Amino acid sequence: DVGGQQKLIASRLRDAGQFEALRQGLDALKAPDVISSPFLLSLLVNVFNEEGRIPQRRDALYRKQVEWVLRRAATKACESERWRHLDPDQLVTASFTFLECLAFVCHLQLKTRDFSPTDA
């Protein structure tokens, strides 16, 4: 519902003054399935926080969402003593490349778009 969406946005948006710009970006996106999913909407707000805008193409939006998740994980990993020697940007690039290869194998080799951990 709209009230729930607004609460979620308000809780994740860094700058409350950007609410209207985000709302306009959501309206322009014309992707009700993305906006109606709390998980995807929260990722979308995170992308907006980083980029200051919402990509208009769905593939670009998903790419930015994945990059945001990978960057967050890489930054956290590189804070630990074990991984401190790694560069977070290189880790993000390597992780994204791995995910692209995995998607390629799943789509072209296995003739499917979906996979489970037991498929590895």
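Small disclaimer: the values here were computed from a predicted structure and weren't measured. (Residues numbered from 1 in each chain as written. Predicted model: local features only at pLDDT ≥ 70, side-chain atom pairs only at ≥ 80, totals over all residues. Heavy atoms only, no water.)

### Digging into helix α4 (residues 38-51)
- Helix length check: α4, at 14 residues, gives a terminal C-alpha distance of 20 Å against a target of 20 Å (1.5 Å per residue), a fit within 8%.
- Listed as buried for α4 are Leu 41, Ser 42, Leu 43, Leu 44, Val 45, Asn 46, Val 47, Phe 48 and Asn 49.
- Residues of α4 that are buried make contact with α1 (2-12), α2 (19-29), α3 (32-36) and α5 (58-79).
- Phi turns positive one or two residues past the end of α4, at Gly 52, with a value near 80°. (Helix = DSSP H or I, 4+ residues; strand = E, 2+ residues; numbered from the N terminus. Expected span 1.5 Å × (residues − 1). Buried < 20%, exposed > 50% of the residue type's maximum accessible area, 1.4 Å probe, protein only. Contact = heavy atoms within 4.5 Å.)

### Examining the environment of Arg 53
- If you trace the backbone, Arg 53 turns up in the loop between α4 and α5.
- Taking the relative accessible area as the measure of exposure, Arg 53 reaches 48% and is therefore partly exposed.
- Sequence spacing of Arg 53 and Gly 3 is 50 residues, and the spatial spacing of their C-alpha atoms is 22 Å.
- Excluding residues that lie within four positions of it along the chain, Arg 53 makes contacts with Val 47 and Phe 48.

### Section: a nonpolar patch on the surface
- Taken together, the side chains of Phe 104, Val 105, Leu 108 and Leu 110 present a nonpolar region at the surface, about 350 Å² in accessible area.
- In this fold, Leu 108 is placed in helix α6 (residues 88-109).
- Given the relative accessible area of 40%, Leu 108 is considered partly exposed. (Patch = residues over 30% accessible without salt bridge, like charges linked within 9 Å, V, L, I, M, F, W, Y side chains within 5 Å. Areas by Shrake-Rupley, 256 points an atom, 1.4 Å probe, with all protein chains shown as cover. Salt bridge = Lys/Arg side-chain N within 4 Å of Asp/Glu carboxyl O.)

### Notes on the pattern of salt bridges
- Applying the stated criterion across every chain yields a total of eight salt bridges.
- Here Arg 57 ties to Asp 59 by a salt bridge, and the two come within 2.6 Å at their closest N and O atoms.
- With relative accessibility at 54%, the residue Arg 57 sits in the exposed group.
- Look at Asp 59 and you get partly exposed, because its relative accessible area is 45%.
- The closest approach of N and O atoms between Glu 67 and Arg 63, which form a salt bridge, is 3.3 Å. Of this pair, Glu 67 and Arg 63 both sit in helix α5, four residues apart, which is roughly one turn of the helix.

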